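A look at the structure
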Amino acid sequence: GMYEKFVEYAGGPDKAKIVLFPTAATDPLPKRDAVANVFRKAGAKKVTILYGQTQSEVESKEFLETLKEATGIWFDGGRQWRFVDCYENTKALPLMFDVLKRGGVIGGTSAGATIQGDYLCRGGVFTNFDIRYEGYERGLGFLKGVAIDQHFTQRKRQAEMTSLMKVYPQ
């Protein structure tokens, strides 16, 4: 029921306009038609996959116009630092925040969940084993004062999150 709930929060069936970002996946970016179809089956009116990876791509007219009409954004899994490299300091990022201001919703899985926090856990470019990685400690910041460590329980990362909270108690 997660996808149905997401579509509901994005405006409901026949109104939800979902944008999928597969940006965190390995290059070349894989097709995400199966994920798009899950949202369509859940009732989304329109589902668009935006494959941009460079500043010129994510600041293209098509890319920005799609974000301006979006009611929901879904960040797919992969390596979260790729989201930072792709969207930080671009015209696309404020438009993502606008989705929330308009009452829309943002979600994601794995790296797509982690990137939503203020603090970017496991943002390492070469390895994702360290909870802190200098230069990649800022997420996109949709959730202020939050750090999300994906696969937290499955990979028994409680002690690392506790250490992070000691360094950044806020």
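What counts and how
Residue numbers run consecutively from 1 along every chain, following the written order of its sequence. Side-chain atom pairs in this predicted model are given and counted only at pLDDT of 80 or more, local residue features only at pLDDT of at least 70, and totals for whole chains, interfaces and linings cover all residues. For the side-chain quantities, the full set of heavy atoms in the structure was used; hydrogens and water were omitted. Burial classes: relative accessible area under 20% of the type maximum marks a residue as buried, over 50% as exposed, and values in between as partly exposed (1.4 Å probe, protein chains only). Numbering of helices and strands runs from the N terminus; a helix is a DSSP stretch of H or I covering at least four residues, while a strand is a stretch of E covering at least two. At least two bridges found by DSSP between two strands are what make those strands a pair. By arc we mean the arc of the directions from the helix axis to the C-beta atoms, nothing more. We call two residues in contact whenever any of their non-hydrogen atoms come within 4.5 Å of each other. The predictor reports its confidence for every residue as pLDDT, a score running from 0 up to 100. Orient the strands so they point away from the viewer, and a crossover whose first-strand-to-second-strand path over the helix runs clockwise is right-handed. The term salt bridge refers to a side-chain nitrogen of Lys or Arg lying within 4 Å of a carboxyl oxygen of Asp or Glu.

A look at the pairing of strand E3 (residues 72-75)
Residues Gly72 and Trp74 line one face of E3 and the alternating positions Ile73 and Phe75 line the opposite face, and both faces are buried. The sheet contact formed by strand E1 (residues 17-21) and E3 spans four bridges and is parallel. Each residue of the ladder has a partner; that of Val19, found in E3, is Ile73. One ladder, built from four bridges, connects E3 with strand E4 (residues 105-108); its direction is parallel.

Side note on helix H4 (residues 61-69)
When H4 is considered as a whole, its buried residues turn out to be Phe63, Leu64, Thr66 and Leu67. Along the long axis of H4, the arc covered by the buried residues comes to 160 degrees, so they all point the same way. What points out from H4, more than 90 degrees from its buried face, is the exposed set Lys61 and Glu62. In this structure, the buried side of H4 is in contact with E1, strand E2 (46-49), helix H3 (55-58), E3, helix H5 (81-87) and helix H6 (92-101).

Some points on the confidence of the model for the chain
Taken residue by residue, the chain gives an average pLDDT of 88. The fraction at 70 or more is 96%. Mean pLDDT across the elements of the chain ranges from a minimum in helix H8 (residues 158-167), with 76, to a maximum in H6, with 98.

A closer look at the pairing of E1
Remark: a regular strand shows side chains that alternate across the two faces of the sheet. In terms of burial, E1 is largely enclosed, as four of its five residues are buried. Each parallel crossover has a hand, and for E1 linked through helix H2 (residues 33-41) to E2 it is right-handed.

A word on the pattern of salt bridges
When charged atoms on two side chains of opposite charge get close, those side chains can pair. Taken as a whole and assessed by the stated rule, the structure comprises five salt bridges. A salt bridge links Lys5 to Glu8, with the shortest nitrogen-to-oxygen separation between them at 3.5 Å. Residue Lys5 and its partner Glu8 are both found in helix H1 (residues 2-9); the two are separated by three residues, about one turn of the helix. Glu65 is the salt-bridge partner of Lys68, the closest N and O atoms lying 3.4 Å from each other. With a gap of three residues between them, Lys68 and Glu65 both fall in helix H4, about one helical turn apart. Judged by relative accessible area, Glu65 falls into the partly exposed class, the value being 39%.

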